[in-house]
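This is what each chain is made of:
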Amino acid sequence: MNTPTGEAAAGSGTRTAALRAMTTAHSAHNYHPLPVVIADGEGAWVRDVEGHRYLDMLAAYSAVNFGHRHPRLIAAAQRQLDRVTLVSRAFDHDQFGPFCAELATLAGMEMVLPMNTGAEAVETAIKTARKWGYQVKGVPADEAVIIAFEGNFHGRTTTIVSFSTDPLAREGFGPYTPGFRVVPYGDAAALAGAMDEKVVGVLVEPIQGEAGVIVPPPGYLGQVRELCDRYGALMMADEIQSGLGRTGTTFACEHENVVPDIYILGKALGGGIVPVSAVVSSAAILGVFQPGQHGSTFGGNPLGCAVGREVIALLATGEMQERSAKLGTHLHSRLSALPRQMVAQVRGRGLWAGVEFTAIGGREACERLARHGVLAKDTHGTTIRLAPPLIISEADLDWALDRIAEALS
Ligand SMILES: *Cc1c(COP(=O)(O)O)cnc(C)c1O
């Protein structure tokens, strides 16, 4: 699957039509997928049911950071499938302690609380900050405040959409969970104005992914850190999409030399095979939980831990992060060279880019790209997001960039 077959005819073919009709008739319409039905994938490439190949420039929103079916991740999963897959947290198992220890080491932290999806990890961080606020900081019962930012994306639970500023994500799902304050992103003065002694945590994406790969001004994360220190609040970095190599470092916070109190991780942690998420922090902070106060049947399961350990091993050498930084520089320089009448702005870091178009909508851009054999996803309005697997070759990346220039000219 290494050589592109040229222009793909996205959406054509009788198998595609039959499968898409089934999806439309029998799945809830909470997504609007591109007209491509994927049958298999390897590395940075996927193939549809008609045999057309596409370069995957989305990588499942960074959940497939190491490419489709990375041999080491598949081998780790297969080894574990032959041993034991689920015991629940009622019992310990031989992958659990090592997974937590290795993830804590990768993050330079002490303790890990594993969950499954990103939203669950965010919920876990919210519960951690509240418990910590009452138990350690001494906030009066039920008065804890958590600050989030305009344009945030932290998941889809009722509590998390309560502080979303995206009407599509939020409207019609009330009543909303109280206890959140929302301030403009990238504006330290606005955050300072919202801080007080009841604030137990600040929930921040180091780069806002769903909002369109929005990079805050230089120094901003350091200012968030300082304000958290000054008011005794926990800095909670949601690195579910930005972390684990995506931006050219293990964590996006590293670009600003900032260490948060809590890392929230997910997506790539499960190697694109199983959902694995985690809250990673100090013993003083995660130590607030006692048995029975939080949990998950599948959180920390043997299969997830075995795959997660291999993900951590892939990141431990720094090679993936280096690839992302080096190829990312190439990606950004080529995107920035696209004609001004076509592209209004390019944002991002490492192998992660938000490309804002002048003349066409993001959806139309992605449909055109699919017809040229490149899969990407629009975010809001006129922006598309590019986040290829970190294992992509420079030649494939150049091929995708040539197709982008061709499709959008
Ligand atoms: C995807 C994402 C989430 C939610 O993760 P799910 O696994 O979809 O629940 C939370 N925060 C950020 C920054 C994300 O990108």
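The following paragraphs examine the structure supplied in this document. (Residues numbered from 1 in each chain as written. Predicted model: local features only at pLDDT ≥ 70, side-chain atom pairs only at ≥ 80, totals over all residues. Heavy atoms only, no water.)

Description of the overall build of the chain
Secondary structure summary: the chain contains 14 helices and 15 strands in total. For 409 residues, the compact-globule estimate of 2.2 N^0.38 gives 22 Å, and the C-alpha radius of gyration of the chain, at 21 Å, lies within 12% of that figure. On the principal axes, the C-alpha backbone points of the chain span a range of 60 × 50 × 45 Å. Within the chain, contacts between residues at least 6 apart in sequence are counted, and of these 73% link residues at least 24 apart. If the 34 positive side-chain charges of the chain are averaged to one point and the 42 negative ones to another, these points end up 2 Å apart. (Helix = DSSP H or I, 4+ residues; strand = E, 2+ residues; numbered from the N terminus. Rg over C-alpha atoms; globule rule 2.2 N^0.38 Å. Contact = heavy atoms within 4.5 Å. Lys, Arg positive; Asp, Glu negative; His and termini not counted. Charge placed at Lys NZ, Arg CZ, Asp CG, Glu CD.)

Looking at the sheet that holds strand β6 (residues 180-183)
A sheet is described by the order of its strands in space; here seven strands give the open sequence β4-β10-β9-β8-β7-β5-β6, paired in mixed fashion. Edge positions in the open sheet fall to β4 (111-115) and β6, since each of these has one partner strand only. Neighbour to neighbour, the strand axes of the sheet diverge by 20° on average, direction disregarded. Bridge count for strand β9 (residues 262-265) against strand β10 (residues 277-281) is three bridges, and the pairing is antiparallel. Within the sheet, the bridge partner assigned to Ile264 lies in β10 and is Val279. Its contacts with the sheet place helix α4 (residues 96-107) against β4, β9 and β10, and it is angled at close to 120° to β4. (Pairing = 2+ DSSP bridges. Axes fitted to C-alpha atoms, helices over the stretch in contact; angles between N-to-C directions.)

Concerning the packing of aromatic side chains
Under the definition given, this model contains six aromatic pairs. Each ring, one from Phe163 and one from Phe180, has its centre 4.4 Å from the other, and the planes form 35°; the classification is tilted. Residue Phe163 is found in the loop between α6 (158-162) and α7 (167-170), and its partner Phe180 is found in strand β6; the two are separated by 17 residues along the sequence. The exposure class of Phe180 is buried, given its relative accessible area of 17%. Measuring from centroid to centroid gives 3.9 Å for Phe251 and Tyr263, while their planes differ by 15°, and the two rings are stacked. With Phe251 in the loop between β8 (234-238) and β9 and Tyr263 in strand β9, this residue pair connects regions lying 12 residues apart in the sequence. Overall, Tyr263 belongs to the buried group, its relative accessible area being 3%. Among the aromatic residues, those joined into a ring-pair cluster are Phe149, Tyr185 and Tyr220. (Phe/Tyr/Trp six-rings, centres within 6.5 Å; stacked < 30°, edge-to-face > 60°. Buried < 20%, exposed > 50% of the residue type's maximum accessible area, 1.4 Å probe, protein only.)

Regarding the site of the ligand
What surrounds the ligand is the set Thr117, Gly118, Ala119, Phe153, His154, Gly155, Glu205, Asp238, Ile240, Gln241 and Lys267. A distance of 2.7 Å is found between an oxygen atom of the ligand and a side-chain nitrogen or oxygen belonging to Gln241. With respect to the ligand, the side chain of Lys267 contributes an N or O atom lying 2.7 Å from an oxygen atom. Relative to its unbound accessible area of 380 Å², the ligand is 81% covered by the protein chains. Split by residue class, the shell around the ligand holds three nonpolar, five polar and three charged. (Near = heavy atom within 4 Å. Polar contact = N/O pair within 3.5 Å; in protein donor to acceptor, adjacent residues only side chain to side chain. Areas by Shrake-Rupley, 256 points an atom, 1.4 Å probe, with all protein chains shown as cover. Nonpolar A, V, L, I, M, F, W, Y, C, P; charged D, E, K, R; others polar.)

Describing the packing of helix α12 (residues 319-336) against helix α14 (residues 394-408)
Here α12 crosses α14 at 20°, and the two axes come no closer than 11 Å. Comparing their axes, α14 and α12 come out roughly parallel. Regarding α12 and α14, the two cross each other, and that crossing is right-handed. Residues Lys326, Leu327, His330, Leu331, Arg334 and Leu335 of α12 touch α14, and the partners they reach there are Glu394, Leu397, Asp398, Leu401 and Asp402. (Parallel < 35°, antiparallel > 145°, perpendicular 65-115°, else oblique. Left-handed = near helix turned anticlockwise from the far one by under 90°.)

Notes on the sheet that holds strand β15 (residues 383-386)
Read from one edge of the open sheet, four strands run β11-β12-β15-β14, paired in antiparallel fashion. A single partner strand is all that each edge strand has here, and the edge strands are β11 (343-348) and β14 (377-378). In terms of strand pairing, β14 meets β15 through two bridges, oriented antiparallel. Bridged to Asp378 within β15 is Ile384. Its contacts with the sheet put α12 on β11, β12 (353-357) and β15, and the angle it makes with β11 is roughly 165°.

Side note on the pairing of strand β5 (residues 145-149)
Successive residues of a regular strand alternate their side chains across the two faces of the sheet. Within β5, five of the five residues are buried, leaving the element largely enclosed by the surrounding structure. Note that β5 and strand β7 (residues 199-204) share three bridges and pair parallel. Each residue of the ladder has a partner; that of Ile146, found in β7, is Gly201. Note: β5 against β6, four bridges, orientation parallel. Bridge assignment links Ala148 to a residue of β6, and that residue is Val182.

Describing the environment of Val280
Tracing the backbone shows Val280 in strand β10. Classification of Val280 as buried rests on a relative accessible area of 0%. The sequence separation of Val280 and Ile264 amounts to 16 residues, and the corresponding C-alpha distance is 6.5 Å. Among all residues touching Val280, those that are not within four sequence positions of it are Leu103, Ala104, Ala107, Met109, Met111, Val112, Asp261, Ile262, Tyr263 and Leu265.

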